[in-house]
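Listed below, chain by chain, are the residues.
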Amino acid sequence: MEELAPLVGAPVAVAELGPIEQPAALQKAAKVIDPEPLQSFEMPFSERCSAQFLDFIKRLCCANPSAVYIWTPRTDACGVYLAGPISTIKYNFGFDINSEGVLVFLTEDVQDRLLLDFFSSSAGEHRMKVEVQGRNWSEVKYCFQQDS
């Protein structure tokens, strides 16, 4: 629940989490998401709050506005949380939101998935790998900033 609150911008109560059996059932259902095409890119962790990343999220939401399940490393033990559409997530969360550095968002209709995998590079920079899969989201391209 401590991981979820920064992502949704409000405290999360135990009663808001799904049943403990639900994560396993959703994992099984999510296996139908076509692994190809997979869009994958890496960026500075700080870019998650940038206009271009938030625009990317907005375009994902336009492609599939379903509510999203938020998966953290503790979801299997605590239950899954259903938030609003992907655009309602607060992306200004801290690098230390969880020690594993992983967040996954799965649409309620189990059609699309967004993985955020954040880590420290060998140079000590905070980085984030982004993976997008699914019927609707895999076609939404990230627009990198052009160097001037």
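### Some thoughts on the nonpolar core
(1) Moving on: Membership of the largest hydrophobic core comes to 33 residues, with the highest contact counts inside it found for F53, I86, L114 and L116.
(2) Moving on: Contributing elements (two or more residues each) for this core: α1 (4-8), β1 (39-44), α3 (51-63), β2 (67-71), β3 (81-85), β4 (102-107), β5 (112-120) and β6 (126-134).
(3) Moving on: Residue contributions to this core peak at 5 residues, all from α3.
(4) Moving on: In this view, L114 contacts I57, L60, I86, L103, V104, F105, V130, E131, V132 and W137; residues no more than four positions away in its chain are not counted.
(5) Moving on: Judged by nonpolar contacts, the second largest core, of 10 residues, contains A30, Y69, V104 and L106.

### A look at the confidence of the model for the chain
(1) Moving on: Summary statistics for the chain give a mean pLDDT of 89 and a share of 96% for residues scoring 70 or more.
(2) Moving on: Put simply, helix α2 (residues 22-30) is where the chain has its lowest mean pLDDT, 78, and α3 is where it has its highest, 96.

### Examining the sheet that holds β1
Hydrogen bonds between backbone atoms are what pair the strands of a sheet, whose relative direction is either parallel or antiparallel.
(1) Moving on: In space, the 6 strands of this open sheet follow the order β1-β6-β5-β4-β2-β3, with antiparallel pairing throughout. Two strands bound the open sheet, and with one partner strand each, they are β1 and β3. Taking each pair of neighbouring strands and ignoring which way they run, the sheet shows an average axis angle of 25°.
(2) Moving on: As defined by bridge partners, β5 adjoins β6 across 9 bridges and the pair is classed as antiparallel. Residue pairing in the sheet places L115 in a bridge with E131 of β6.
(3) Moving on: The strands that α2 touches are β2 and β4; relative to β2, the one it contacts most, it runs at about 115°.
(4) Moving on: This element, α3, spans β1, β3, β5 and β6 of the sheet and lies at about 15° to β6.

### Observations regarding the pattern of salt bridges
(1) Moving on: Taken as a whole and assessed by the stated rule, the structure comprises 5 salt bridges.
(2) Moving on: The shortest N-O distance in the salt bridge between R59 and D55 comes to 3.0 Å. One end of the pair is R59 and the other is D55, both in helix α3 and 4 residues apart, which spans about a single turn.
(3) Moving on: The partly exposed category is assigned to R59, whose relative accessible area is 27%.
(4) Moving on: Take D55: its relative accessible area is 34%, and that puts it in the partly exposed class.
(5) Moving on: For E100, the salt bridge is made with R74, and the minimal N-O distance between the two is 3.1 Å. With E100 in the loop between β3 and β4 and R74 in the loop between β2 and α4 (75-78), the pair connects residues that are 26 residues apart, well separated along the chain.
(6) Moving on: On the accessibility criterion, E100 (39% relative accessible area) is partly exposed.

### Here we look at α2
Three or four residues apart is the spacing at which side chains of an α-helix point the same way, because the helix has 3.6 residues per turn.
(1) Moving on: Of the positions making up α2, those classed as buried are P23, L26 and A30. End-on view of α2: buried residues confined to an arc of 65°, all on one side of the axis.
(2) Moving on: Check the buried side of α2 and you find it contacts β2, α4 and β4.

### Side note on the environment of F119
(1) Moving on: Along the polypeptide, F119 turns up in strand β5.
(2) Moving on: On the accessibility criterion, F119 (28% relative accessible area) is partly exposed.
(3) Moving on: For the pair F119 and D96, spaced 23 residues apart in sequence, the C-alpha separation works out to 9.8 Å.

Definitions and cut-offs
- Think of each chain on its own: its residues are numbered from 1, step by step along the sequence as written.
- Given that this is a predicted model, residues contribute local features only at a pLDDT of at least 70 and side-chain atom pairs are listed and counted only at 80 or more, while totals for whole chains, interfaces and linings are drawn from all residues.
- Excluded from the side-chain calculation are hydrogens and water; included are all heavy atoms of the structure.
- Among the buried residues, those of types Ala, Val, Leu, Ile, Met, Phe, Trp, Tyr and Cys that are joined through side-chain atoms within 4.5 Å form a nonpolar core.
- Burial classification: accessible surface area is computed with a 1.4 Å probe over protein chains only, and a residue below 20% of its type maximum counts as buried, one above 50% as exposed, and the rest as partly exposed.
- Secondary structure is summarised from DSSP: a helix means a run of H or I of at least four residues, a strand means a run of E of at least two, and numbering begins at the N terminus for each.
- Residues count as neighbours in contact if any of their non-hydrogen atoms are within 4.5 Å of one another.
- As a per-residue measure, pLDDT reflects the predictor's confidence and takes values from 0 up to 100.
- The criterion for strand pairing is that DSSP finds at least two bridges linking the strands in question.
- Between N-to-C directions, angles cover 0 to 180 degrees, with each direction set by a line fitted to C-alpha atoms, over the stretch in contact for helices.
- Any carboxyl oxygen of Asp or Glu within 4 Å of a side-chain nitrogen of Lys or Arg constitutes a salt bridge here.
- It is the directions from the helix axis to the C-beta atoms that the arc portrays.

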